[in-house]
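Examining the three-dimensional arrangement
Letter by letter, the chains look like this.
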Amino acid sequence: MEFIKVTEQYQPAIALIQLNRPKELNALNKQLMEEVRDTLQLLDKNDAVRVIIITGDERAFAAGADIKQMADKSAIDMLLIDQFSTWDQIRKTKKPIIAAVSGFALGGGCEFAMMCDMIIASETAKFGQPEIKIGTIPGAGGTQRLTKAVGKAKAMELILTGRFLSAEEAHFYGLVNKVVPVEMYLHETVELAKEIASMSPVAVQLAKEAINRSFETQLDEGLAFERKNFYLTFASADQKEGMNAFIEKRKPTFSGR
Ligand code: HXC
């Protein structure tokens with residue numbers, strides 16, 4: 001594995017996946033997501049593992065999908081790359097997944113954390129969907145999951161402005177389970193994982209499935225709709241301008257085309 005580190009610990013039965021592209025703030029490139037998918041599929045089949053933790057490092061959980069990998073793509077390129085089939089497979093993981101978030105959880109990083117079953121945040125965590133600032137929109141569930149988590153008004157504000165949500169605000173809005181000092185976020189996540197790992201794994205799996213069912217039928221439709229619009233932004237000059245401006249470290253000028 002090039003972009004993740006996996007630690008399995010069977011006493012208690014917890015596995016830890018650490019996103020490991022620190023220089024790029026754990027930007028989620030295609031290979032990284034495929035490594036996460038392959039690992040989760042193996043862990044799901046391994047009876048010695050009951051709970052999975054996904055984390056980044058202190059500075060960033062993940063600062064989004066890899067802008068450098070996407071910047072020059074067309075809408076059809078994006079459609080054919082079909083990165084979201086990997087995300088869909090990740091979403092099918094049966095065992096509980098807890099995200100331990102410190103620092104930036106932005107764009108695809110925020111969407112990835114929200115795709116996990118619970119989130120423990122350090123006080124330094126910052127959540128956001130800043131895609132609008134680079135001329136695109138969330139594409140991995142942000143418009144659906146953030147809206148369900150924080151409500152329409154706050155989701156509109158966050159997605160239309162790209163503003164960040166502090167850990168405390170994220171807790172207030174019910175996006176995260178708990179906020180703890182930065183030196184405690186991994187420890188606190190392991191404590192939660194241990195408690196869940198001591199329960200019947202069958203009951204845990206069935207409970208997770210049932211909770212997810214509460215919004216899944218509508219989610220599929222919402223995700224498909226969001227995906228089409230996300231791809232469509234790659235037909236705009238504004239997406240090219242936004243992403244290139246980011247890479248060139250300048251302010252974008254949006255033409256509305
Ligand atoms: C590629 C990224 C990146 C990203 C950061 N980097 N985020 N590379 N894709 N999403 C790189 C930077 O280019 C830089 O590389 C290095 O990581 C450190 O970042 P800095 O910007 O120098 O750090 P800082 O000034 O502390 O700013 C941190 C930041 C900023 C506020 C998080 O990096 C930022 O705004 N990142 C982009 C956030 C974003 O727009 N995410 C949404 C992406 S779109 P160099 O080589 O210059 O040192 C998205 C779509 C989701 O996620 C849908 C599909 C899954």
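Use the structure listed above.
Just so it is clear, the model here is predicted, and its values are computed rather than measured.

One open sheet holds the six strands; their spatial order is E1-E2-E3-E5-E7-E10, and the pairing between them is mixed. Because the sheet does not close on itself, it has two edges, and the strands there are strand E1 (4–10) and strand E10 (178–180). Put simply, the sheet's adjacent strands are angled 20° from each other on average, direction ignored. With three bridges joining them, strand E7 (residues 118–122) and E10 adopt parallel strand pairing. Bridge pairing links Ile120 to Lys178 in E10.

Inspection of the sheet shows E1 paired to strand E2 (residues 13–19) by seven bridges, in the antiparallel sense. What sits directly across from Ile4, in E2, is Leu19. Connecting E1 to the next strand, E2, in antiparallel fashion are two residues.

Turning to the site of the ligand, a few remarks are in order. Around the ligand there are 28 residues in total, and Ala63, Ala65, Ile67, Gly108 and Lys249 lie nearest to it. At 2.9 Å from a nitrogen atom of the ligand is found a main-chain nitrogen or oxygen belonging to Ile67. Here the ligand, which alone exposes 1000 Å², has 76% of that area covered by the protein. Of all the secondary structure elements, the ones that give two or more residues to the shell around the ligand are helix H2 (67–70), helix H4 (84–91), strand E6 (104–106) and helix H5 (108–115). At three residues, the largest contribution of residues to the shell around the ligand is made by H2. Tallied by class, the residues present in the shell around the ligand amount to 15 nonpolar, five polar and eight charged.

What counts as what
Residues numbered from 1 in each chain as written. Predicted model: local features only at pLDDT ≥ 70, side-chain atom pairs only at ≥ 80, totals over all residues. Heavy atoms only, no water. Pairing = 2+ DSSP bridges. Helix = DSSP H or I, 4+ residues; strand = E, 2+ residues; numbered from the N terminus. Axes fitted to C-alpha atoms, helices over the stretch in contact; angles between N-to-C directions. Near = heavy atom within 4 Å. Polar contact = N/O pair within 3.5 Å; in protein donor to acceptor, adjacent residues only side chain to side chain. Areas by Shrake-Rupley, 256 points an atom, 1.4 Å probe, with all protein chains shown as cover. Nonpolar A, V, L, I, M, F, W, Y, C, P; charged D, E, K, R; others polar.

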